[in-house]
Every structure is written in structure tokens, then in C-alpha cells.
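An overview of the molecular structure
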Amino acid sequence: MTVDALLARWPTASQKAELLHGVLVFTGDFDERDLETARRAYPGRRPVLNADGGLEVHPSGAGTPTPLVGRAVEISGPEDGT
């Protein structure tokens, strides 16, 4: 692993982390590799990638959770206000 690869991977690639409605939200540029890492790091939790390329770790439960970022876009509607 190179220094550049190390600095670009999760969790070191995370620019910001927040807790919103019980969901850990990591801002950054994540992919399926990071999703697998999150599954191992947070056993029993439900990690998903959101529309902004961030990683969300939802509490345990059934099924695949809906990302918070996706929900915010759906609720607010298009940018033109229609």
C-alpha cells in the first residue's frame, strides 16, 4: 500500500463525521471497498453509500436502509421549486 492509497482510503479519507438521527455519516468519496470495511468495523449495523458518495452506518434492523442524503433530496424536491 502506498502513502497516497493510505491517505485516500477509509477511514483516513473521511473529511467529516456526524451523528444524525442515530446514523453515523462519514463525508468523503467512498466505494464498495469501504462499504465492506464498514460491515466488518460495525458488526450488526447497516452501512450504505449515499448519493453524495458518503458512507452512512445505520442502526441494526431488517432490510437495507434508505440513505439520509437520498431522503433529503426526495423531501426537498427539485432545485427549481416545482
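The shown structure was predicted, so the numbers you read here are calculated from the model rather than taken from an experiment. (Residues numbered from 1 in each chain as written. Predicted model: local features only at pLDDT ≥ 70, side-chain atom pairs only at ≥ 80, totals over all residues. Heavy atoms only, no water.)

Observations concerning the overall build of the protein chain
For clarity, the threshold we go by: Secondary structure follows DSSP: runs of H or I at least 4 residues long count as helices, runs of E at least 2 residues long count as strands, and numbering of each begins at the N terminus. Relative accessibility decides the category of a residue: with a 1.4 Å probe and only protein chains considered, values under 20% of the type maximum give buried, values over 50% give exposed, and everything between is partly exposed. Residues are treated as being in contact if the distance between any of their heavy atoms lies within 4.5 Å. Here the Shrake-Rupley method, with its probe set to 1.4 Å, supplies the accessible areas, and only the displayed protein chains count as covering residues.
Within the protein chain one finds 3 helices and 4 strands. Reading the protein chain from its N end, one meets helices and strands in the order α-β-β-α-β-β-α. Within the protein chain, buried positions represent 30% of all 82 residues. Contacts spanning at least 24 positions in sequence make up 30% of the contacts within the protein chain whose residues lie at least 6 apart. Summed over all atoms, the accessible surface of the protein chain reaches about 5600 Å², with 56% contributed by carbon and sulfur.

A short note on the nonpolar core
This is how the line gets drawn: Put simply, a nonpolar core is a bunch of buried Ala, Val, Leu, Ile, Met, Phe, Trp, Tyr and Cys residues held in one set by side-chain atoms that sit within 4.5 Å of each other.
With 6 residues, the main nonpolar core is built from Phe26, Phe30, Leu35, Ala38, Leu55 and Val57. Those elements giving two or more residues to this core turn out to be α2 (32-41) and β4 (55-58).

So, the pattern of salt bridges
Rule in force here: By definition, a salt bridge exists where a carboxyl oxygen of Asp or Glu is found within 4 Å of a side-chain nitrogen of Lys or Arg.
Scanning all chains against the criterion turns up 4 salt bridges. A network of salt bridges, in which partner residues are shared, links Glu36, Arg39 and Arg40.

As for the pairing of strand β3 (residues 46-49)
We count it as follows: Strands are labelled as partners when DSSP assigns at least two bridges between them.
Judged from the 4 bridges that link them, β3 and β4 form a sheet pairing that is antiparallel. Looking across to β4, one finds that leucine 49 is bridged to leucine 55. Taking the residues that link successive antiparallel strands as the turn, the β3-β4 hairpin has 5 residues, and the phi of glycine 53 there is positive, at about 85°.

Some points on unusual backbone geometry
In this structure, histidine 21 is a non-glycine residue whose phi angle is positive, near 55°. If you trace the backbone, histidine 21 turns up in the loop between β1 (16-20) and β2 (23-27).

Remarks on the confidence of the model for the protein chain
Basically, it comes down to this: Each residue gets a pLDDT score, which is the predictor's confidence in that residue and runs from 0 to 100.
A residue-level look at the protein chain finds 71% of positions with pLDDT of 70 or above and a mean pLDDT of 78. Of all the helices and strands in the protein chain, helix α3 (residues 68-76) carries the lowest mean pLDDT, 55, while β3 carries the highest, 94. Across residues 72-78, where pLDDT falls below 50, the model places 0 contacts with residues more than four positions away in sequence or in other chains.

With respect to the sheet that holds β4
Heads up, the condition is: Lines are fitted to the C-alpha atoms to define the axes, a helix being fitted only along its stretch in contact, and any angle between axes, read from their N-to-C directions, falls within 0 to 180 degrees.
Spatially, β1-β2-β4-β3 is the arrangement adopted by the 4 strands of the open sheet, whose pairing is antiparallel. Edge strands, defined here as strands with exactly one partner in the open sheet, are β1 and β3. If you compare each strand with its neighbour and ignore which way they point, the axes differ by 20° on average. By the bridge criterion, 5 bridges tie β1 to β2 in an arrangement that is antiparallel. Pairing of leucine 19 across the sheet is with leucine 24, part of β2. With respect to the sheet, α2 is in contact with β3 and β4, its orientation differing from that of β3 by roughly 165°.

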